[in-house]
Amino acid sequence: MKLAKAFAIATILAAGTAQAEAERTDPNAIAREELMELVGKNTGILGDMAKGKTAFDAAQAETAKAALVEAAGKIEATFAEPGATDPVSEAKPEIWTNWEDFLVKAKTLGEAAGAMDVASAESIGAGMGKLGGACKDCHTTYRVMKE
Ligand code: HEC
């Protein structure tokens, strides 16, 4: 327990944000977080292969790509209900006032993931810019970036 706590504190310090460690309570905000964590995880898998941080694995790359396409397709349903104002949520209210634009950005993510050639670490690397651009484009407008 003590160690776990020390680790958690170290993580908070490293991330420079105590907010990220707080628990969400609104089910909508929890669902959004889970979906985005999945997006982050699979983007990380592809990014690590592209950078040579992990060995290229064709099956794993295909799975990650498919998971990203699927997750992008779930953004609309998962974000549809703003739910209660959750102080831990990083979702900006503009999502729901600019819903159509938000969906365009979700679609762009799905297209970038779908277009990614996962045949080799090099081809993944070639597609990472577009994928990362889709994340950044949406986060810049619709996510509260806590530093
Ligand atoms: C259509 C908009 C959109 C796109 C595209 C998008 N995100 Fe997000 N992302 C969000 C929003 C909004 C939040 C904040 C959700 C909340 O806190 O309720 C978020 C939160 C996150 C989080 C934080 C999850 C947490 O633990 O709180 C991660 C990680 C993340 N996104 C990764 C990515 C990555 C990687 C990509 C691109 C491959 C991506 N996102 C693409 C809108 C998007």
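Above this text sits the structure in question.
All of these numbers come straight from a predicted model, not from anything done at the bench. (Residues numbered from 1 in each chain as written. Predicted model: local features only at pLDDT ≥ 70, side-chain atom pairs only at ≥ 80, totals over all residues. Heavy atoms only, no water.)

Novice: Lay out the packing of helix 2 (residues 27–51) against helix 6 (residues 121–142) with the relevant residues and their values.
Specialist: One way to put it is that helix 2 packs onto helix 6 with a least axis distance of 9 Å and a crossing angle of 150°. Once helix 2 is placed against helix 6, the crossing between them reads as left-handed. Here Met36, Thr43, Leu46, Gly47, Met49 and Ala50 of helix 2 lie close against helix 6, whose contacting residues are Ala121, Ile124, Gly125, Met128, Leu131 and His139. Of the residues in the contact of helix 2 with helix 6, the class split is eight nonpolar, four polar and no charged. (Axes fitted to C-alpha atoms, helices over the stretch in contact; angles between N-to-C directions. Helix = DSSP H or I, 4+ residues; strand = E, 2+ residues; numbered from the N terminus. Left-handed = near helix turned anticlockwise from the far one by under 90°. Contact = heavy atoms within 4.5 Å. Nonpolar A, V, L, I, M, F, W, Y, C, P; charged D, E, K, R; others polar.)

Novice: Tell me what's going on with the packing of aromatic side chains, and back it up with residues and numbers.
Specialist: Per the stated rule, a full pass over the model turns up three aromatic pairs. Measuring from centroid to centroid gives 5.3 Å for phenylalanine 102 and tyrosine 142, while their planes differ by 85°, and the two rings are edge-to-face. Here the residue phenylalanine 102 occupies a position in helix 5 (residues 99–115), and tyrosine 142 occupies one in helix 6, the gap between them amounting to 40 residues. The pair formed by phenylalanine 102 and tyrosine 142 is uniform in burial state, with each residue classed as buried. (Phe/Tyr/Trp six-rings, centres within 6.5 Å; stacked < 30°, edge-to-face > 60°. Buried < 20%, exposed > 50% of the residue type's maximum accessible area, 1.4 Å probe, protein only.)

Novice: Explain the pattern of salt bridges residue by residue, including any values.
Specialist: Per the counting criterion, the structure on display carries seven salt bridges. Between arginine 143 and glutamate 90 there is a salt bridge, and its shortest N-O distance comes to 2.7 Å. Taken together, the positions of arginine 143 in the segment after helix 6 and glutamate 90 in the loop between helix 3 (58–79) and helix 4 (94–97) put the pair 53 residues apart, joining distant regions of the chain. Within this structure, Asp101, Lys105 and Asp137 form a network of salt bridges that share partners. (Salt bridge = Lys/Arg side-chain N within 4 Å of Asp/Glu carboxyl O.)

Novice: Talk me through the coordination of the iron atom of the ligand; I want residue IDs and the actual numbers.
Specialist: Protein coordination at the iron atom of the ligand comes from Met36 (SD) and His139 (NE2), with a distance range of 2.0 to 2.3 Å. One can describe the site at the iron atom of the ligand as octahedral: its six donor atoms subtend angles covering 87 to 178° at the metal. Of this pair, methionine 36 sits in helix 2 while histidine 139 sits in helix 6, placing them 103 residues apart in sequence. Judged by its relative accessible area of 28%, methionine 36 is partly exposed. For histidine 139, a relative accessible area of 22% corresponds to the partly exposed category. (Donors = N, O, S within 2.8 Å, 3.2 Å for Na, K, Ca; no water. Tetrahedral: all angles 85-135°; square planar, octahedral: opposite > 155°, others 65-115°.)

Novice: Hey, could you go over the nonpolar core for me, with residue numbers and the actual values?
Specialist: Residues Leu46, Phe102, Ile124 and Leu131 are the most contacted members of the largest nonpolar core, which totals 27 residues. Within the residue set of this core, elements represented by two or more residues are helix 2, helix 3, helix 5 and helix 6. Ignoring anything within four residues of it in the chain, the contact list for phenylalanine 102 reads Ile75, Phe79, Ile95, Cys138 and Tyr142. (Core = buried A, V, L, I, M, F, W, Y, C linked by side-chain atoms within 4.5 Å.)

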